[in-house]
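Coordinate analysis (summary)
Listed below are the residues making up each chain.
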Amino acid sequence: MKRVDQVKNGIRLIKEKGFFHIIISSSLVKVISFISAMFLPRVLSKTDYGVLVYVDNIRNYFLMFNALGITNATLRYCVQEESEEEKRGVFLYSLRKGLIIDLILFIGSLIFFLCADFQFQSSRLYLVLMSALPILVFIYEDLQLYLRALFANREYSILSFSYSALMVIAQIVLAITSGILGIIGGRYIAVIISIVVAIVLLKAVEGKNKKFIYPSKDKQKQIFKFGVVMMLTNMSSYVMQLNETFILSWVLNDEEDLAVYKVAAYILTISLFVMQAIITFIFPYFIKHIDDKKWIWKNFKKLSAINFGGMLIIHIILIWCTPFIIWLLYGEKYYDAIPIMRILLVASFGQAVFRMLPGNILAGIGEEKFNLRVNIISMIVHFIIDYVCVSNYGLLGSAVALIIVYYFSGIIMILHLRNVCKKSQI
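Residues numbered from 1 in each chain as written. Predicted model: local features only at pLDDT ≥ 70, side-chain atom pairs only at ≥ 80, totals over all residues. Heavy atoms only, no water.

**Looking at the nonpolar core**
Formed by 91 residues in total, the largest nonpolar core has its most connected members in Tyr-49, Val-191, Tyr-261, Ile-326, Tyr-334 and Leu-344. In terms of residue count, helix H8 (residues 153–206) provides more of this core than any other element does, 14 residues in total. For Tyr-261, the residues in contact, after removing those within four places along its chain, are Glu-244, Leu-248, Ile-340, Leu-344, Leu-395, Ser-398 and Leu-402. In this structure, Phe-286, Phe-300, Phe-370 and Cys-421 belong to the second largest nonpolar core, which totals 14 residues. (Core = buried A, V, L, I, M, F, W, Y, C linked by side-chain atoms within 4.5 Å. Buried < 20%, exposed > 50% of the residue type's maximum accessible area, 1.4 Å probe, protein only. Helix = DSSP H or I, 4+ residues; strand = E, 2+ residues; numbered from the N terminus. Contact = heavy atoms within 4.5 Å.)

**Observations regarding the environment of Leu-345**
For Leu-345, the location among the structural elements is in helix H14 (residues 338–364). In sequence terms Leu-345 and Ile-316 are 29 residues apart; their C-alpha atoms lie 8.7 Å from each other.

**Brief notes about the packing of helix H4 (residues 70–80) against helix H5 (residues 84–115)**
Interaxial distance between H4 and H5 falls to 9 Å at its minimum, and their mutual angle equals 170°. If you check the angle between H4 and H5, you find them roughly antiparallel. Only Lys-87, Val-90, Phe-91, Tyr-93, Ser-94, Lys-97 and Gly-98 of H5 make contact with H4, whose side of the interface consists of Ile-70, Thr-74, Tyr-77, Cys-78 and Val-79. Grouping the constituent residues of the contact of H4 with H5 by class yields seven nonpolar, three polar and two charged. (Axes fitted to C-alpha atoms, helices over the stretch in contact; angles between N-to-C directions. Parallel < 35°, antiparallel > 145°, perpendicular 65-115°, else oblique. Nonpolar A, V, L, I, M, F, W, Y, C, P; charged D, E, K, R; others polar.)

**Topic: the pattern of salt bridges**
The tally for this structure, following the rule as stated, stands at four salt bridges. With a closest N to O distance of 2.8 Å, Arg-187 and Asp-56 form a salt bridge. Remark: Asp-56 occurs in helix H3 (residues 46–63) and Arg-187 occurs in helix H8; sequence separation between them is 131 residues. Taking the relative accessible area as the measure of exposure, Arg-187 reaches 9% and is therefore buried. Since its relative accessible area comes to 15%, Asp-56 is described here as buried. (Salt bridge = Lys/Arg side-chain N within 4 Å of Asp/Glu carboxyl O.)

**Quick notes on unusual backbone geometry**
Even without being glycine, Ala-67 reaches a positive phi, approximately 55°. By the secondary structure assignment, Ala-67 is in the loop between H3 and H4. The exposure class of Ala-67 is buried, given its relative accessible area of 0%. One non-glycine residue with positive phi stands out, namely Leu-68, at about 55°. Owing to a relative accessible area of 23%, Leu-68 belongs among the partly exposed residues under this scheme.

Structure follows, in structure tokens:
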């Protein structure tokens, strides 16, 4: 009975802290994303969908520099501040600094889109039309992470769900009538409405208190430096996926191949949604225990064991159901994506079990520079392996390259986390 009571108390505790709000909203977000993944490839021709993948891939290279990563600092430093005024001051600083940076990036990207040569001719127009989108995305993300830093989990969940629902509905409705141009317009509409929703929710959380204490010059430098380091860390990790699309378009030079790979690769985001929700919930608590490495290692091991078991079950089911998933979401014309999706699920398991949890915890306890070094090396190694594999084995080779890099880099992160925690106890 004692153990049963402990379980009940544990469930009640995480419920009070908003864990189930995050899990439920994350699940609903992924259900909605499923709808988007099902409709866009069906609404657009295979060629148009390949062009959209190409355009989004180029845009995502620029999006990695969005506000130079200062949104990451919003979460980290707002959590650490004690008073509401100091938290608000950090948020206002990150918002102002990020907007200045993004205006410069907007001008630079616009010039590049107007002057550069692209593989597919229609890409230039679409890229120019989407060039202002990163500014709006930054405002939304900064508001979203500020709500999370305030531990307003209910409001954070409402905002996340609203954004995803609006994005999917707007894109699908306008894609039916206007194709890729409609998708671009839908994205602007969804982000703008979500910003308005975020402001309303934030006012409800903060109340009438509008006072703030702006961070000192030294703290501003810390915030900015942390944001840049985290941007480079996330960039070097995310760029591996972008490089895959770049290498595929470069080596294979086929819009339909890009469409097939995008369909198969979408499973990576679906299979990781539980892990992403858990990280969103636990990250602030690991920051709170930044000086208690014994607590960090103990709880990391517990989470890792649960994560391994859960992810193993999820990925086995997804691998078995791959033909049905392809048929249900995309139709028979994408059956050639089945073997690629299965190999990518093996990569997804390595990402979820070995990389995501230790990588985020290392960043939270001040080891973001180590993450940066590992990810830069991984990015370089991945580019070489990916080029060789794609040149020899086509689309399947790209999936194999991810497996190699995800597993090895993840194990290195786990070993480093163990060493950091053990040394602090000596």
